[in-house]
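Read off the chains here:
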Amino acid sequence: MKILLLLLTFAMLLQPVVADENDSGSNAEEVIKPDVYRRDVVVPKIDTEDFEVTAFYGVLDIEDFGSEPVYGIRAAYHITEDFFLEGTYAESEVSDSSFRDLGLPLFPNSTEDVEYYAVSVGYNILPGEVFFGRNVAMSSAFYIVGGAGKFEFIDEDEFAYHFGAGLKVLPTDWMSMRIDFRDYIYESDFLGDNEFKHNLEATFNIGIFF
């Protein structure tokens, strides 16, 4: 009889402990399953066209003869995401007005046409994004270019090599905008001494992919 009473007493003492363990288990289950809001992620569709045609306008500074407007067209083939080949054709003018003012005209006319074309190899070294405010971000790339071609004006037909750099921004998946700076270098003796001439070009470009 005493043994039965001891068992009943022991069972009554254990009952609150079991209840507490059940309560803690339910609380733990609530902590493990929080109510989390999940956003719908939309992956942008990016075109895979490799050809790009660009029109540009800017300024060309021909050494010894000053700066004049320049315009032209570029056509590029993007070999990979990093490397591209590009051809350039451009037109500008050259003036000897500063020499004419001294009574030393150099050209048949005070202003003569300039044409030049070149082939370049480019490399995107810093692809990333450009932010306009808080809500607008556009894909971008800082790139370098180098190549060779020809400068033609009056009786000059000079082989020229060049190097430069620029920043490209893509407002859409089929359109590009960029600021481009290049130095076209050729060897000339037009003014008597045979020396290398540096001709700096700065342009704004708008292109399309297809």
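Everything below is about the structure shown above.
What comes next is a walk through the structure. (Residues numbered from 1 in each chain as written. Predicted model: local features only at pLDDT ≥ 70, side-chain atom pairs only at ≥ 80, totals over all residues. Heavy atoms only, no water.)

1. A closer look at the overall build of the protein
Right, so step 1: What the protein contains, in helices and strands, is two helices and eight strands.
Right, so step 2: Tracing the protein from N to C terminus, the helices and strands come up as α-β-β-β-α-β-β-β-β-β.
Right, so step 3: With 210 residues in all, the protein has 29% of them scored as buried.
Right, so step 4: For the protein, long-range pairs separated by at least 24 residues make up 53% of all intrachain contacts whose partners lie at least 6 apart in sequence.
Right, so step 5: With an accessible surface of roughly 14,100 Å², the protein has 62% of that area assigned to carbon and sulfur atoms. (Helix = DSSP H or I, 4+ residues; strand = E, 2+ residues; numbered from the N terminus. Buried < 20%, exposed > 50% of the residue type's maximum accessible area, 1.4 Å probe, protein only. Contact = heavy atoms within 4.5 Å. Areas by Shrake-Rupley, 256 points an atom, 1.4 Å probe, with all protein chains shown as cover.)

2. Brief notes about the sheet that holds strand β5 (residues 136–153)
Two pairing modes exist for strands in a sheet, parallel and antiparallel, and in both the strands are linked by backbone hydrogen bonds.
Right, so step 1: In spatial order, the strands read β1-β2-β3-β4-β5-β6-β7-β8; together these eight strands close into a barrel with antiparallel pairing. Along the sheet, successive strands turn relative to each other by an average axial angle of 25°, direction set aside. (Pairing = 2+ DSSP bridges. Axes fitted to C-alpha atoms, helices over the stretch in contact; angles between N-to-C directions.)

3. A few points about the nonpolar core
Right, so step 1: Counting residues in hydrophobic clusters, the biggest one holds 16 residues, and the most contacted among them are Leu60, Ile62, Val94, Val114, Tyr116, Phe151 and Tyr186.
Right, so step 2: Breaking this core down by element, the ones donating at least two residues are β1 (51–62), β3 (83–95), β4 (111–132), β5 and β7 (175–188).
Right, so step 3: Ignoring any residue separated from it by four or fewer positions in sequence, one finds Leu60 in contact with Gly66, Ser67, Glu68, Val70, Ser92, Tyr116, Phe151, Asn199, Leu200 and Glu201. (Core = buried A, V, L, I, M, F, W, Y, C linked by side-chain atoms within 4.5 Å.)

4. Some words on the environment of Phe107
Right, so step 1: Here Phe107 shows up in the loop between α2 (97–100) and β4.
Right, so step 2: Looking at Phe107, the relative accessible area reads 5%, which means it is buried.
Right, so step 3: Once the C-alpha coordinates of Phe107 and Asp155 are considered, the two residues, 48 residues apart in sequence, prove to be 9.8 Å apart.
Right, so step 4: The residues touching Phe107, leaving out its near neighbours within four places in the chain, are Phe65, Val94, Ser95, Asp96, Arg100, Glu112, Ile154 and Phe190.

5. A look at the side chain of His78
Right, so step 1: Looking at the element boundaries, His78 is found in strand β2 (residues 66–78).
Right, so step 2: We classify His78 as buried; its relative accessible area is 11%.
Right, so step 3: A distance of 2.8 Å separates a polar atom in the side chain of His78 from a polar atom in the side chain of Glu52.
Right, so step 4: Sequence-distant contacts of His78, that is, excluding residues within four places in its chain, are made with Asp50, Glu52, Phe83, Phe84, Lys168 and Phe209. (Polar contact = N/O pair within 3.5 Å; in protein donor to acceptor, adjacent residues only side chain to side chain.)

6. A few points about the packing of aromatic side chains
Right, so step 1: In total, this model carries ten aromatic pairs according to the counting rule given.
Right, so step 2: Both rings, one in Phe51 and one in Tyr77, keep their centres 5.0 Å apart while their planes meet at 45°; by these two values the pair is tilted. Of this pair, Phe51 sits in strand β1 while Tyr77 is found in strand β2, placing the two residues 26 residues apart along the sequence.
Right, so step 3: Overall, the relative accessible area of 43% leaves Phe51 in the partly exposed class.
Right, so step 4: Where Phe83 meets Tyr123, the ring centres are 4.8 Å apart and the plane angle is 40°; that geometry is what we call tilted. Remark: Tyr123 occurs in strand β4 and Phe83 occurs in strand β3; sequence separation between them is 40 residues. (Phe/Tyr/Trp six-rings, centres within 6.5 Å; stacked < 30°, edge-to-face > 60°.)

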